[in-house]
Structure formats: structure tokens, C-alpha cells
Amino acid sequence: GEATIGVIGLAVMGSNLARNLASREGNTVAVFNRTTAKTDALVEEHPEAGFVAAETIDDFVASLATPRTAIIMVQAGAGTDAVIEQLAERFEEGDIIVDGGNADFHDTIRREEELRERGLHFVGCGISGGEEGALNGPSLMPGGSKEAWEALAPALRSIAAVAQDEPCVTHVGSDGAGHFVKMVHNGIEYADMQLIAESYDLLRRIGGHDPASLADVYAEWNGGDLESYLIEITAEVLRQDDAETGGPLVDVILDRAGSKGTGVWTVQNALGLGVPATAIGEAVFARALSCSAEHRDAVRSTFSDRPDVPTAPDGFEDDVRAALYASKVVAYAQGFDLIRAGAEEHGWDIDLGAIARIWRGGCIIRARFLDRIAEAYDDDPSLVTLLAHPYFAEAVRDGEAAWRRVVALAVTAGVPAPAFGSALASYDALASERLPAALIQAQRDFFGAHTYRRTDRDGVFHTLWSGDRSEVAAD
Ligand code: 6PG
């Protein structure tokens, strides 16, 4: 075969990735889709791409130069296994199968192992940036073996977004590391979106802004520390009027936030690893709450008497901006903590600074401050958490008073700001000298003899709660 690389699955993401590959020097791209009509349409619409179109999976495999490389771009799930099997039956030793879907990293670990035993390379590759990114430059998060990375690197580098002259792709780690990191990216995406949504709600309901004036506020914020793709599109969304009603589009969109699962996975894994990724958790729960129509109806009709909304104090907008930035620092810190914990658990050697760098361009959470995160981990690769780095510590300290004012006002006004509040609580808990966890340990010991440790000497202890209440050594 003549094609240097192939793409299977030609829905929007697959088609755009194939076109991106075809537009770069050195790639000849084979394309295949289960329904041939899609392949035909893509090839017809994009003659400039010089696609090698395959009608059958056999043709597709035959059209690939050896060692073969095929990127699977199908809906994540059971369908992926079927496509992998079709390729694996036809591929030969040393060939590479890439899964570019949003796969569960546990599946990726399993698939990599199975294919390795059959002499094939399997690379789970997180791809972020939506349709636009796939076409013009995504952020790419490949896992899999070093060998496979070396073979794939030129093609992946050729299509990735570029930030500060560097392509937004790095070998994340072995087997499922890439999909794990993509999962956390999505969790952070959820938290960032929730935080922005809370800021919008506060500025609207307490600050008295309408969507059009808020569009200006976000556009202005996009010129500072908060500069990011998500802030930029927030301004654009708020500026959009609805053709039918003539009012703001955001006001006619049903307020139930959907999700496809990666945010839930992030939180499930955080729970399993014992990482308090609270801002991501709040974001996932907030989407679920928004979709609980029955509960919302029942509670809304029970409590019609809501707090009076106070008028916004002077400087409220600046306060909200500072609170948003501080909360965002906490959310990202939690996300990076989760990557570190996942890497330890699964034996991946993940360079956190490199992850921040490949997220500076192409992906949904691309943001100016990722540069700062990269610098923080480059300065000190063993940094315990971003909040402890001088730059972020200062950012949080600078915003702290405003952050507290905003959360206090939200609570008083009855405007829900769960992610703002829980990010602040997470910071306060981490910064506290003592936590009431001591009381919880005593309660556990009381009802279940679960024992406790002491602050003043080593060992494990139990108080004879139902006896004479003396303390005994329990180890
Ligand atoms: C990206 C996005 C992308 C997608 C997810 C999240 O990085 O390009 O994260 O993968 O938007 O599917 O979507 P949900 O909000 O539907 O879970």
C-alpha cells in the first residue's frame, strides 16, 4: 500500500482529523467508514486531500504501507473493540493501532495488553479541541509504548496545535496514560465551565448585568490572567441573540446540562484514588442537579419564598473575577494532583509540566495560565501541589479577600455557587492548622473501636468508651 496512515470512522472528528493529516507534508491518508456513503462524500468534498478511499476493511489494510498505522475514530465503547479486532486480525507484527476516541483508560490498558501479546502496538490517544481542533490542530495525549510513540511522533507532531513554537503533543506515559490524562482534562473542563457559569449567574442575578453587557465583561477578562478559550467563547455565547425571540440566546436554551461520561469517570477515579477533586465533583453534580427536573419542580414549588437579592457592592465585578481566578487555580491544582496520583497508582512516568505545555494550545481548556503551571512544575518537578508554588500562592492570597466576599454574598443571596464555595473550602481545609477529622476519629473509635493515632506519640490507641474510658494501646 501507499498510504502512510489510515483513519477508520469518518464522523465529524474522524473526517476532520483525516483532512488535517492529509494537509501536512509527508502524509498520504487512507480512509474507511462502515457505511461507504460517508467515505464517498468525504473523498468527493475534499479532492485536495488526495485520500486513498477503501470500500472494505481488507482494502483499507491493503492500502497502508508497512509498518501500518491506523487511527480509530469511532464512538467510544463496545464498537471500538469490534473495530480493533477487525484490524488486529489483518495487521502484522509491529503495526500500530491508535484509538483516538474518549475511551475509558481501563479499556485502553486492557486493549494494549491484549494487542501487545499479539505483537501489535496499541496507542490510546486523547484528542482534545472538538471539531475545529481536529481539523486545524488538536492537543494530543498519546499513551502506549515508547516504540510506538517514536513511530507515531512525526505524524502526530505534524497535526497538533502549536503553542509557543512547540507542538501540543507529548508521549504521556505507557498503556492507558494518555486516556487517563484526557479524562482528567475533561474533568478540569467541567470544573472550569461550572466556575464560569457560576460567575455569570452571580454577575447577572446580584450584579444586575444583562447578557450583552456580560459579553463585554468576559471579553475584557479575556485580556488578563483569565485569558482562555472557555472565557472567550463565553463572551461570544452571551452576545448571541436568538433569531426567533430577538432576546439573548442563552435565555431560550433549556437549563439542563448534558454530559457524555468523562466527567463522571474523573470523579469516580478521584474517589477511588482518594484525591479530593472537589471542584470537579461539584461540577459533575451541578450538571446532574440541573437535569433533575422533578426535584427542581418539587423544591421550587415548596420554597417560593427566596432571599431578597442584595444590590451588588462596589467592585463586585472585580471581586467575581478574582474569585473565579482563585477557584480556577484550586480546580486545576486538584486536576494535576489527580494526574500525579493516577500515575503513581498505575506506574506511569508522567511529566506534569509537559502536560501543562501540551494543554496550552488546541484543547478546550487552553489558557494563558497553563504557561504558569508548566513553569511551576518545570521549576520543581516534585512540587506537592500547585497551591504551594509561590506564583499560585500569591495569586490565591491576592484574591482571597474578594473570594470570601463573593462566596459570602452568594450564600446570603441564595444564589448557588457550589464550585466557588467548595474550592474555597478546599483551600481553607488545606491551610488549616487542625481539622475536625480528629473528632471523626474519636467518633469512629467510640462506635466501632476503629482506633486513632495521637499527636504526641507513636502508636495506635483505643479508648474503652463503654468501660472505664481509659486509653489502651491497640497495635
Ligand atoms: C475536548 C472535549 C470533548 C468533548 C467531551 C465532553 O477535549 O475536545 O472535552 O472531548 O466535548 O465529549 O463532553 P460532555 O460535556 O458531553 O461530557
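These numbers were taken from a predicted model, which means no experiment stands behind them.

## Some points on the pattern of salt bridges
For step 1, the next point in the chain: Under the definition given, this model contains 30 salt bridges.
For step 2, the next point in the chain: Here Asp297 ties to Arg300 by a salt bridge, and the two come within 2.7 Å at their closest N and O atoms. One end of the pair, Asp297, and the other, Arg300, are both in helix α13 (residues 293–302), three residues apart, so they sit about a helical turn from each other.
For step 3, the next point in the chain: Residue Asp297 is classed as partly exposed on the basis of its relative accessible area of 42%.
For step 4, the next point in the chain: Residue class for Arg300 comes out exposed when judged on its relative accessible area of 52%.
For step 5, the next point in the chain: For the salt bridge of Arg457 with Glu471, the shortest nitrogen-to-oxygen distance reads 3.4 Å. Here Glu471 lies in strand β11 (residues 471–473) and Arg457 lies in the loop between α19 (437–448) and β10 (461–463), a separation of 14 residues in the sequence.
For step 6, the next point in the chain: For Arg457, a relative accessible area of 42% gives the class partly exposed.

## Some details on the nonpolar core
For step 1, the next point in the chain: Counting 90 residues, the largest nonpolar core has Tyr218, Phe336, Ile350, Trp359, Ile373 and Trp403 as the members making the most contacts within it.
For step 2, the next point in the chain: For this core, the element with the highest residue contribution is helix α14 (residues 316–346), accounting for 16 residues.
For step 3, the next point in the chain: Filtering out sequence-adjacent residues up to four positions away, Phe336 remains in contact with Leu352, Ile355, Ala356, Trp359, Leu370, Ile373, Tyr377 and Leu386.
For step 4, the next point in the chain: Membership of the second largest hydrophobic core comes to 30 residues, among which are Val31, Ile127, Leu152 and Ile159.

## Focus: the environment of His389
For step 1, the next point in the chain: Tracing the backbone shows His389 in the loop between α16 (370–379) and α17 (390–413).
For step 2, the next point in the chain: What makes His389 buried here is its relative accessible area of 9%.
For step 3, the next point in the chain: Separated by 313 residues in sequence, His389 and Ala76 place their C-alpha atoms 37 Å apart.
For step 4, the next point in the chain: In this structure His389 touches Ala376, Asp379 and Leu383, once residues within four positions along its chain are discounted.
For step 5, the next point in the chain: Of the polar contacts made by the side chain of His389, one reaches the side chain of Asp379; its length is 3.0 Å.

## Concerning helix α5 (residues 105–117)
For step 1, the next point in the chain: Given a rise of 1.5 Å per residue, 13 residues ought to cover 18 Å, and the 18 Å separating the end C-alpha atoms of α5 matches this to within 8%.
For step 2, the next point in the chain: Residues of α5 that are buried include every one of Phe105, Thr108, Arg111, Glu112 and Leu115, and no others. Buried positions in α5, seen along its axis, are confined to an arc of 110° and lie on one side of it.
For step 3, the next point in the chain: Its side-chain oxygen at 2.9 Å from the backbone nitrogen of His106, Asp104 defines the N-terminal cap of α5.
For step 4, the next point in the chain: Downstream of α5 by a residue or two, Gly119 has a phi angle that is positive, lying close to 85°.

## Topic: the site of the ligand
For step 1, the next point in the chain: What surrounds the ligand is a group of 13 residues, the closest being Ser128, Lys182, Glu189, Tyr190 and Lys260.
For step 2, the next point in the chain: At 2.4 Å, a side-chain N or O of Ser128 approaches an oxygen atom of the ligand.
For step 3, the next point in the chain: Across the complex, the protein chains shield 81% of the 410 Å² of accessible surface that the ligand would expose by itself.
For step 4, the next point in the chain: Taken together, the residues that form the shell around the ligand break down as two nonpolar, seven polar and four charged.

## What about the pairing of strand β6 (residues 121–128)?
Looking down a regular strand, the side chains alternate between one sheet face and the other.
For step 1, the next point in the chain: With eight of eight residues buried, β6 is to be regarded as a mostly interior element.
For step 2, the next point in the chain: Here strand β5 (residues 96–99) runs beside β6; their pairing, made up of four bridges, is parallel. The partner of Asp99 across the bridge, within β6, is Gly124.
For step 3, the next point in the chain: Where β6 meets strand β7 (residues 139–142), four bridges bridge the pair, whose relative direction is antiparallel. In the strand pairing of β7, Gly126 is matched with Met141.

## Details of the packing of aromatic side chains
For step 1, the next point in the chain: Scanning the model with the defined rule gives 13 aromatic pairs in all.
For step 2, the next point in the chain: Plain terms: the ring middles of Tyr218 and Trp221 are 5.1 Å apart, the flat faces sit at 70° to each other, and that makes the pair edge-to-face. Residue Tyr218 and its partner Trp221 are both found in helix α9 (residues 211–221); the two are separated by three residues, about one turn of the helix. The two residues Tyr218 and Trp221 agree in class, both being buried.

## Structural notes on the side chain of Thr80
For step 1, the next point in the chain: Structurally, Thr80 is set in helix α4 (residues 78–90).
For step 2, the next point in the chain: The exposure class of Thr80 is buried, given its relative accessible area of 1%.
For step 3, the next point in the chain: When neighbours within four sequence positions are excluded, Thr80 is seen to be in contact with Val74, Gln75, Asp99 and Arg111.

## Description of helix α1 (residues 12–22)
For step 1, the next point in the chain: A large share of α1 lies buried, amounting to eight of its eleven residues.
For step 2, the next point in the chain: By the burial criterion, the buried members of α1 are Gly14, Ser15, Asn16, Leu17, Ala18, Asn20, Leu21 and Ala22.

## A word on a negative patch on the surface
For step 1, the next point in the chain: A cluster of acidic residues, Asp40, Glu44, Glu45, Glu55 and Asp59, forms a negative patch at the surface.
For step 2, the next point in the chain: The leading source of residues in the negative patch is helix α2 (residues 36–45), at three residues.
For step 3, the next point in the chain: Relative to the helices and strands, Asp40 is located in helix α2.

## Some thoughts on the side chain of Ser139
For step 1, the next point in the chain: For Ser139, the location among the structural elements is in strand β7.
For step 2, the next point in the chain: Within the structure, the side chain of Ser139 is placed 2.6 Å from the backbone oxygen of Ile358, a separation counted as a polar contact.
For step 3, the next point in the chain: Apart from the residues within four sequence positions on either side, Ser139 is in contact with Gly126, Ile127, Ser128, Cys168, Ile358, Trp359, Gly361, Gly362 and Cys363.

## Structural notes on the confidence of the model for the protein chain
Interpretation of the predicted coordinates at a detailed level should be avoided for regions scoring low in pLDDT.
For step 1, the next point in the chain: Scored by pLDDT, the protein chain has a mean of 97; 100% of the residues are at 70 or more.
For step 2, the next point in the chain: Across the interface, the model reports ipTM at 0.96; the global pTM reads 0.97.

## Side note on the pairing of strand β4 (residues 69–72)
For step 1, the next point in the chain: Residues of β4 alternate between two faces, with Thr69 and Ile71 on one and Ala70 and Ile72 on the opposite face, all of them buried.
For step 2, the next point in the chain: Taken together, the three bridges between strand β1 (residues 5–8) and β4 define a ladder with parallel strand orientation. Its bridge partner being in β4, Ile8 is matched across the sheet by Ile72.
For step 3, the next point in the chain: Alignment of β4 against β5, held across four bridges, turns out to be parallel.

The rules behind these values
- Residues numbered from 1 in each chain as written.
- Predicted model: local features only at pLDDT ≥ 70, side-chain atom pairs only at ≥ 80, totals over all residues.
- Heavy atoms only, no water.
- Salt bridge = Lys/Arg side-chain N within 4 Å of Asp/Glu carboxyl O.
- Helix = DSSP H or I, 4+ residues; strand = E, 2+ residues; numbered from the N terminus.
- Buried < 20%, exposed > 50% of the residue type's maximum accessible area, 1.4 Å probe, protein only.
- Core = buried A, V, L, I, M, F, W, Y, C linked by side-chain atoms within 4.5 Å.
- Contact = heavy atoms within 4.5 Å.
- Polar contact = N/O pair within 3.5 Å; in protein donor to acceptor, adjacent residues only side chain to side chain.
- Expected span 1.5 Å × (residues − 1).
- Arc of directions from axis to C-beta.
- Near = heavy atom within 4 Å.
- Areas by Shrake-Rupley, 256 points an atom, 1.4 Å probe, with all protein chains shown as cover.
- Nonpolar A, V, L, I, M, F, W, Y, C, P; charged D, E, K, R; others polar.
- Pairing = 2+ DSSP bridges.
- Phe/Tyr/Trp six-rings, centres within 6.5 Å; stacked < 30°, edge-to-face > 60°.
- Patch = residues over 30% accessible without salt bridge, like charges linked within 9 Å, V, L, I, M, F, W, Y side chains within 5 Å.
- Lys, Arg positive; Asp, Glu negative; His and termini not counted.
- Charge placed at Lys NZ, Arg CZ, Asp CG, Glu CD.
- pLDDT = per-residue confidence, 0-100.

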